[in-house]
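Analysis of the macromolecular model
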Amino acid sequence: MPDNTRRARDEAFWQIFADRYTVEPGPVNLENGYFGRLSRTVVEEYQRNIELINRSNSVYVRQRFEQGDSLDIRAQLAELVGVPAETVALTRNATEGLQSLIRNYNGLKPGDQVLISDLEYDTVKGAMRWLARNRGVEVIEIEHTHPASFDSLLNTYREAFERYPRLKLLALTHVTHRTGLVMPVKAIAAAAREHGIDVILDGAHALGQIEFNLDDLGIEFAGYNLHKWIGAPLTLGFIYIAPERLADIDPDMGEMHFPLDDIRARTPYSTPNIPALLTLPLVFEEHHAMGGSAAKGARLNYLRNLWVRAVRELPGIEVMTPDDPRLYCCITSMRFTRHADQQTMVDRLLNDYNLFTVVRSGAACGPCIRITPGLTTTAAHMTLLTKALNELR
Ligand SMILES: Cc1ncc(COP(=O)(O)O)c(C=O)c1O
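The notes below deal with the structure included here.

1. Side note on the pairing of strand E5 (residues 167-173)
- For E5, the tally of buried residues reaches six of seven residues, placing the bulk of the element in the interior.
- Sheet topology places strand E3 (residues 113-117) next to E5; three bridges connect them, and they run parallel. In the sheet register, Gln 113 faces E5, and the bridge partner there is Leu 167.
- Where the polypeptide runs from E5 across helix H7 (residues 185-194) and back to strand E6 (residues 198-202), its parallel neighbour, the crossover connection is right-handed.

Here it is as structure tokens:
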């Protein structure tokens with residue numbers, strides 16, 4: 001058994017990491033997909049950085065941060081993702097970065113088509129619909145079949161690529177926030193390339209729990225945040241643009257600071273959360289100390305499998321997310337098939353069992369309850385969840 005898989009089951013090992021987070025007494029949080037906790041040491045470092053910037057103000061920022069420390073931090077971020085520093089620009093979140101890529105993608109002309117599916121994040125869908133109003137393109141919206149398989153997902157795209165020959169751009173989500181489904185990004189990107197279609201990847205939920213290599217995935221444009229599975233303070237994200245494609249993204253509408261061949265010209269120039277940025281080196285150090293995405297992902301998937309395997313076959317429960325290891329991560333959705341209103345069931349999970357979950361709607365397969373363990377979740381929490389689901393069904 002590979003090391004990470006064996007270690008994923010080691011409650012004592014993971015308790016050492018879980019103890020590094022301060023958790024408010026209250027419900028067991030099984031909605032860890034929204035954003036991640038900071039470890040106590042990261043909180044302390046963040047506080048120190050707030051005080052440092054408050055004391056030193058623009059004297060430090062103008063003299064050392066802008067042309068020195070911020071570039072080092074960007075280089076560390078790029079190293080984390082395995083790409084050259086010049087291909088990465090910091091943003092305030094994933095939405096800002098993805099919308100910059102979508103808005104400034106200059107390969108579209110009136111009459112072209114762009115593609116989204118039911119599983120994209122709403123702000124990404126909104127941005128692609130904005131293209132229709134402002135660039136005169138047509139938005140093609142497809143729905144994935146349910147239950148999904150590797151082949152069904154790929155074939156849905158292949159069919160769309162055949163059917164809509166004017167497609168030029170596809171927004172693709174690595175891990176959908178609705179059901180946690182992990183898209184076969186590499187296969188879809190390869191099929192898109194065969195048809196001359198560019199892909200903008202929304203990687204919000206992938207970074208920090210899934211190991212990937214953008215070059216290997218065949219991805220040239222991507223947007224991320226750093227507050228989900230990496231463990232950074234809120235307000236940080238970044239975009240990636242493959243160097244040979246930089247010219248395909250126009251500079252930001254307000255740009256006047258960076259040369260045209262600098263990726264930083266592709267994001268809005270503004271005063272960033274400097275204390276949060278200065279905290280990133282420690283965040284990355286702790287991420288690596290835990291074993292990086294491979295170890296964290298294995299642990300989170302183990303916790304996910306504890307509840308999914310216990311309830312998948314039970315009448316009255318439908319687990320929406322497949323068990324093909326290529327297609328799932330720790331976020332997984334289910335629904336109570338004998339209950340029309342999933343929100344009522346979320347309320348019962350909270351009120352009767354002290355378990356905090358959330359309803360997600362918008363997927364073609366219907367409303368579901370999203371269950372997301374985190375780094376402070378234990379196997380005992382999963383036992384409690386399994387008991388609750390079994391009784392409530
Ligand atoms: C799949 C996906 N994309 C994009 C976003 C937006 O991220 P941000 O809040 O950093 O803008 C989210 C947020 O949850 C998400 O789940």
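2. Let's talk about the sheet that holds strand E7 (residues 221-225)
- In space, the seven strands of this open sheet follow the order E2-E8-E7-E6-E5-E3-E4, with mixed pairing throughout. Lying at the two open borders of the sheet, with one neighbouring strand each, are strand E2 (88-91) and strand E4 (138-142). Mean inter-strand twist for the sheet, computed between neighbouring axes without regard to direction, equals 20°.
- Across five bridges, E7 lies against strand E8 (residues 237-241) in antiparallel orientation. Across the sheet, residue Ala 222 finds its bridge partner in E8, namely Tyr 240.

3. A word on the packing of aromatic side chains
- For the structure on display, the rule yields 10 aromatic pairs.
- Ring geometry for Tyr 157 and Phe 161: centres 6.1 Å apart, planes at 40°, overall tilted. Taken together, the positions of Tyr 157 and Phe 161, both in helix H6 (residues 150-163) and four residues apart, correspond to about one turn of that helix. This pair shows no difference in class: Tyr 157 is buried, exactly as Phe 161 is.
- Arranged with centres 5.8 Å apart and planes meeting at 5°, the rings of Phe 212 and Tyr 224 form a pair that is stacked. Of this pair, Phe 212 sits in the loop between E6 and helix H8 (214-217) while Tyr 224 sits in strand E7, placing them 12 residues apart in sequence.

4. Comments concerning a nonpolar patch on the surface
- The grouping of Tyr 34, Phe 35 and Leu 234 at the surface amounts to a nonpolar patch, some 320 Å² of accessible area in total.
- Relative to the assigned elements, Tyr 34 resides in the loop between strand E1 (28-29) and helix H3 (40-81).
- Given a relative accessible area of 56%, Tyr 34 falls into the exposed group.

5. Considerations on the environment of Leu 303
- Position of Leu 303 relative to the elements: it lies in helix H10 (residues 292-311).
- Assessed through its relative accessible area of 0%, Leu 303 is described here as buried.
- In this structure, the C-alpha to C-alpha distance between Leu 303 and Met 382, residues 79 residues apart in sequence, is 6.8 Å.
- In contact with Leu 303, other than residues within four places in its own chain, are Pro 373, Gly 374, Thr 377, Thr 378, Ala 379 and Met 382.

6. Observations regarding H6
- For H6, spanning 14 residues, the distance from its first C-alpha to its last is 20 Å, which sits close to the expected 20 Å at 1.5 Å a residue.
- Residues of H6 that are buried include every one of Phe 150, Ser 152, Leu 153, Leu 154, Thr 156, Tyr 157, Ala 160 and Phe 161, and no others.
- In this fold, the buried residues of H6 make contact with E3, E4, E5 and H7.

7. Concerning the sheet that holds strand E13 (residues 368-371)
- Within the open sheet, the four strands sit side by side as E9-E10-E13-E12. Their pairing is antiparallel. On the outer flanks of this sheet lie strand E9 (317-319) and strand E12 (358-360), each paired with one strand and no other. When strand polarity is set aside, the average angle formed by the axes of neighbouring strands in this sheet is 40°.
- Sheet strands touched by helix H12 (residues 379-392): E9, strand E10 (332-336) and E13. Its angle to E10, the strand with the most contacts, is close to 25°.

Cut-offs applied
- Sequence order as written defines the numbering, with residues in each chain counted from 1.
- This being a predicted model, a pLDDT of at least 70 is required before a residue's local features are given, and a value of 80 or more before pairs of side-chain atoms are given or counted; all residues contribute to the totals for chains, interfaces and linings.
- For the side-chain quantities, the full set of heavy atoms in the structure was used; hydrogens and water were omitted.
- Relative accessibility under 20% of the residue-type maximum defines a buried residue, over 50% an exposed one, and the middle range a partly exposed one, all with a 1.4 Å probe and only protein chains included.
- The helix and strand labels rest on DSSP assignments: H or I over at least four residues marks a helix, E over at least two residues marks a strand, and numbering proceeds from the N terminus.
- Strands are labelled as partners when DSSP assigns at least two bridges between them.
- Call a crossover right-handed when, viewed with both strands pointing away from you, the route from the first strand across the helix to the second goes clockwise.
- Each axis is a line fitted through C-alpha atoms, taken for helices only over the stretch in contact, and angles between the N-to-C directions span 0 to 180 degrees.
- Planes of paired rings set the category: under 30 degrees apart is stacked, over 60 is edge-to-face and the rest tilted, where pairs are Phe, Tyr or Trp rings (Trp by its six-membered ring) whose centres lie within 6.5 Å.
- Patch membership is restricted to residues that have no salt bridge and whose relative accessible area is over 30%. Joining uses 9 Å for like charges and 5 Å for the nonpolar side chains Val, Leu, Ile, Met, Phe, Trp and Tyr.
- All accessible-area figures derive from a Shrake-Rupley calculation using a 1.4 Å probe, and residue coverage is judged against the displayed protein chains alone.
- Whenever a carboxyl oxygen of Asp or Glu lies within 4 Å of a side-chain nitrogen of Lys or Arg, that contact is scored as a salt bridge.
- Contacts were defined at the residue level, with two residues in contact if any of their heavy atoms lie within 4.5 Å.
- To estimate how far a helix should extend, the number of its residues minus one is multiplied by 1.5 Å.

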